[in-house]
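Each chain, letter by letter, is given below.
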Amino acid sequence: MTNAVDLEKRFGAANYAPLPVTIVRGEGVHLWDDKGRRYLDMLGAYSAVSFGHCHPRLVRALTEQAGRLDILSRVYSNDRLGPFLARACELTGMDRALPMNTGAEAVETALKAARKWAYTVKGVAHDRAEIIAAEGNFHGRTIAVTGLSTVAQYRDGFGPFPPGLVLVPFGDAAALEAAITPNTACFLVEPIQGEGGIVVPPQGYFTDVERICRAHDVLLICDEIQTGLGRTGKLLAYQHEGITPDGVTLGKALGGGLFPVSMFLATDEVMGVFNPGDHGSTYGGNPIAAAVGLAALDLLVEDRLVERAADLGDYLLARLNALDSPAIAEVRGRGLFVGIEIHERAASALDVVEALMGAGVLTKETHRNTVRLAPPFVIEKAEIDEAVDCLAEVLDDITAEALAPSASH
Ligand SMILES: *Cc1c(COP(=O)(O)O)cnc(C)c1O
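Residues numbered from 1 in each chain as written. Predicted model: local features only at pLDDT ≥ 70, side-chain atom pairs only at ≥ 80, totals over all residues. Heavy atoms only, no water.

A. Local environment of the site of the ligand. Every residue close to the ligand is listed here: T102, G103, A104, F138, H139, G140, E190, D223, I225, Q226 and K252. Between the ligand and G103 there is a distance of 2.8 Å, counted from an oxygen atom to a backbone nitrogen or oxygen. The separation between a nitrogen atom of the ligand and a polar side-chain atom of D223 is 2.7 Å. For the ligand, whose free accessible area comes to 390 Å², the fraction covered by protein is 81%. By residue class, the composition of the shell around the ligand is three nonpolar, five polar and three charged. (Near = heavy atom within 4 Å. Polar contact = N/O pair within 3.5 Å; in protein donor to acceptor, adjacent residues only side chain to side chain. Areas by Shrake-Rupley, 256 points an atom, 1.4 Å probe, with all protein chains shown as cover. Nonpolar A, V, L, I, M, F, W, Y, C, P; charged D, E, K, R; others polar.)

B. Just the packing of helix α3 (residues 56-68) against helix α11 (residues 287-302), in detail. Running from N to C, α3 and α11 cross one another at 155°; their axes reach a closest spacing of 9 Å. In terms of orientation, α3 lies roughly antiparallel with respect to α11. Here the hand of the crossing between α3 and α11 comes out right-handed. Contacts from R57, L58, A61, L62, Q65 and A66 of α3 reach α11 at P287, I288, A291, V292, A295, A296, D298, L299 and E302. (Axes fitted to C-alpha atoms, helices over the stretch in contact; angles between N-to-C directions. Helix = DSSP H or I, 4+ residues; strand = E, 2+ residues; numbered from the N terminus. Parallel < 35°, antiparallel > 145°, perpendicular 65-115°, else oblique. Left-handed = near helix turned anticlockwise from the far one by under 90°. Contact = heavy atoms within 4.5 Å.)

C. Up close: a negative patch on the surface. Together, D351, E354, E393, D396, D397 and E401 line one region of the surface with negative charge. Of all elements in the fold, only α13 (349-358) and α14 (381-403) reach the threshold of two or more residues within the negative patch. Counting residues per element, the negative patch draws most heavily on α14, at four residues. Along the chain, E393 turns up in helix α14. (Patch = residues over 30% accessible without salt bridge, like charges linked within 9 Å, V, L, I, M, F, W, Y side chains within 5 Å. Salt bridge = Lys/Arg side-chain N within 4 Å of Asp/Glu carboxyl O. Lys, Arg positive; Asp, Glu negative; His and termini not counted. Charge placed at Lys NZ, Arg CZ, Asp CG, Glu CD.)

Bear in mind that shape data such as this cannot, by itself, settle questions of function.
This is the structure:
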């Protein structure tokens, strides 16, 4: 049989550069490669696998539903969608929810809602609505959302982008206020920037942001696709500051790591802009997605996983902060959402990621030379210890190498 990785290389687009490992099985916090080697998954598919791989209860919800009723499109109602939307609204405190599949689609939905709200409720002139986002953001890969990115590689070659997109520095509420015009529809923001390097804003930022948005009649939309559903130790990361946005996007873990499920949730006033035919998705809100999403939300509550992420996150951060490696520039994060920034002169984050993989711990580097950790909430303390001990060893080796006199000089 031809090697699966060779086939992927030969027939796939080269838009990913996967680490040299072929995973064939997953269970809980563990993954196994094609040689039978076991790894500890400290990345959790960027927070999509909060419940652990192949959680039996979620697999049952998926397979039972798949055997009963599959995809209808929203032309007909199904018996699964209503209960899923009701549960999502009940948990988040939002009035209504619009289901999509991927995170980027949920963000697009939020932006469409915000623009239409600006025209029909706020009274912005035709085609003048502006959207403000934060520098260093990540909201997905569609063209409009890519137009918000400040990462050159994400943008280069993909323009032109839609007009009406404005950027302000993340964590700077005064800059947001200065950027608002009478045409501003919304401020779209991640409570903690994930892809951007696990960047936690200054305490009080979101309290100021909420006040400014209210004062200027601007919608506040939090992108919780990565930070939501317990990742940071609260159900939604914006709850750390006790604010109430007008809309929120969820994705990743909402599909239990099994199925793409996303949604935009909002107040009646915002969601009220949509009329039949305005917006939609063939697979959005399908019975399988709804069954898996509902099971994921129930599991989160019944197994008290948000509290678990808070406790274990404190433990992980305390252990990382106690490492006194000269290679570490900073440890940032909240809950089980952590970035370890590596000094550029010590090593590249990719070197650390590769060395960790060699030691059986899977992670991924992200911007600002940061190693990102987002392990499943079902992780045990002993497994956190294992990961942190491996990291300490890897960093020791790297520092020793960097300090050793080079033979080639
Ligand atoms: C991953 C992510 C997205 C995009 O989700 P996809 O499912 O990859 O489209 C959007 N926003 C944030 C904050 C994310 O982390």
